[in-house]
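Examination of the molecular architecture
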Amino acid sequence: MNRTICYLLSFALIFAYAAFTANDARGQAKAVTDRERGAFASTSLQGYVKDVLTEKNVGRYGFSTVGEASAATLGDPLRVHSIELKELKAYRPGAGLRSMQADTRTTWYPVIAGNEVRAKLEIVETAGKLLAGGFGAASEARRISAARQQIPEKLRAKGIPAASAMALVKIPALKATFLYVESPGGSFLVPAMASPHRFGVENGDLYPAADLLSRIKEQVKDLPDDLVG
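Attention in this report is confined to the structure presented alongside it. (Residues numbered from 1 in each chain as written. Predicted model: local features only at pLDDT ≥ 70, side-chain atom pairs only at ≥ 80, totals over all residues. Heavy atoms only, no water.)

**Remarks on the layout of surface pockets**
Empty pockets left among the atoms are what a rolling probe the size of a water molecule brings to light. Roughly 500 Å³ of internal volume is contained in the largest pocket. What lines the largest pocket is a set of 19 residues, and nearest its centre among them are Ser82, Glu122, Glu140, Lys170 and Pro172. Looking at side-chain class alone, the lining of the largest pocket contains eight nonpolar, three polar and eight charged residues. Of the pockets and cavities examined, the second largest pocket occupies roughly 170 Å³. As for the second largest pocket, its lining consists of His81, Ile83, Leu97, Arg98, Met100, Ala102, Ala165, Met166, Ala167, Tyr180 and Glu182. Taken together, the elements giving at least two residues each to the lining of the second largest pocket come down to strand 7 (165-171) and strand 8 (176-183). It is strand 7 that provides the largest number of residues to the lining of the second largest pocket, a total of three residues. Looking at the lining of the second largest pocket, its residues break down into eight nonpolar, one polar and two charged. (1 Å grid on protein atoms, 1.4 Å probe; cavity = no way out; pocket = protein on both sides within 12 Å on 5 of 7 lines; lining within 4 Å. Points joined across faces, edges and corners; volume = space filled by probe spheres on them. Nonpolar A, V, L, I, M, F, W, Y, C, P; charged D, E, K, R; others polar. Helix = DSSP H or I, 4+ residues; strand = E, 2+ residues; numbered from the N terminus.)

This is how it looks when you write it as structure tokens:
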């Protein structure tokens with residue numbers, strides 16, 4: 001079974017395993033709490049380990065052995081803001097990230113084993129229902145976590161107050177990933193992706209969010225709106 005088929009099968013298994021619906025007495029979806037989302041994420045991680053991982057495929061998901069994966073825990077989550085290319089191209093210079101429409105249904109968790117980030121787990125929420133999404137992606141998880149760990153020191157070095165909020169920003173069409181940092185001293189994007197030099201940036205560095213969004217907008221202005229990354 002090739003890697004693609006294995007991934008699709010894995011996703012299908014967890015999709016069926018992890019469906020969860022939170023409705024009120026009138027049948028209308030109610031908001032999912034952070035506690036409920038965290039509990040669901042922990043259950044989903046256990047489901048992946050139990051139903052998907054084997055000693056043959058465990059390395060693809062970022063672990064050395066199934067036993068190691070069984071002992072893994074989840075770190076602090078980040079809400080994912082997924083931005084379509086057409087939204088980026090319509091960005092008004094200086095408006096900031098919050099002015100852009102984004103898909104915010106996904107929450108990203110680092111999966112930790114042996115005191116190291118080994119993988120990611122994504123949980124998707126829609127209409128009060130939680131579903132287990134992507135799992136594994138060891139390189140991505142390490143890049144994001146490494147950049148995240150540098151943020152407090154980067155802010156201090158520039159005399160910027162500590163972050164008051166943080167999120168993950170993805171532009172799928174560009175295969176671009178950033179950490180978004182809000183602080184009383186401003187809003188910043190911190191690259192955390194493969195080949196950041198495509199955009200003239202370095203992973204882990206702080207860039208004023210409005211300036212970097214304007215710069216990337218200019219770089220992609222001639223790309224088709226329906227570009228698939």
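And the narrative resumes.
**With respect to the environment of Leu174**
Within the element layout of this structure, Leu174 appears in the loop between strand 7 and strand 8. The class of Leu174 is buried, set by a relative accessible area of 9%. Each C-alpha atom of the pair Leu174 and Arg198 lies 9.7 Å from the other, and the pair is 24 residues apart in sequence. Aside from chain neighbours lying at most four places away, what touches Leu174 is Leu85, Leu88, Arg198, Phe199, Ile216, Val220 and Leu223. (Buried < 20%, exposed > 50% of the residue type's maximum accessible area, 1.4 Å probe, protein only. Contact = heavy atoms within 4.5 Å.)

**Some words on the packing of aromatic side chains**
Counted according to the given criterion, the structure contains three aromatic pairs. Centroid distance Tyr61 to Phe135: 5.5 Å. Interplanar angle 25°. Geometry classified as stacked. In this pair, Tyr61 is assigned in the loop between helix 2 (34-51) and helix 3 (66-70) and Phe135 in strand 6 (residues 129-136), connecting sequence segments 74 residues apart. Taking relative accessible area as the criterion, Phe135 reaches 5% and is therefore assigned buried. Note on Phe63 and Phe135: the rings are 6.3 Å apart at their centroids and 25° apart in plane angle, and the pair reads as stacked. Linking Phe63 in the loop between helix 2 and helix 3 with Phe135 in strand 6, this pair joins segments that are 72 residues apart in sequence. Relative accessible area serves as the criterion here: at 4%, Phe63 is assigned to the buried category. Here the aromatic residues Tyr48, Tyr61, Phe63 and Phe135 are joined through ring pairs into a cluster of three or more. (Phe/Tyr/Trp six-rings, centres within 6.5 Å; stacked < 30°, edge-to-face > 60°.)

**Structural notes on the side chain of Glu122**
Tracing the sequence through the fold places Glu122 in strand 5 (residues 116-126). Among the polar contacts listed, one links the side chain of Glu122 to the side chain of Lys120, at a separation of 3.2 Å. Those residues in contact with Glu122 that sit more than four places away from it in its chain are Thr106, Thr107, Trp108, Leu131, Ala132, Gly133, Gly134, Glu140 and Lys170. (Polar contact = N/O pair within 3.5 Å; in protein donor to acceptor, adjacent residues only side chain to side chain.)

What is shown is where atoms sit, not what they do.
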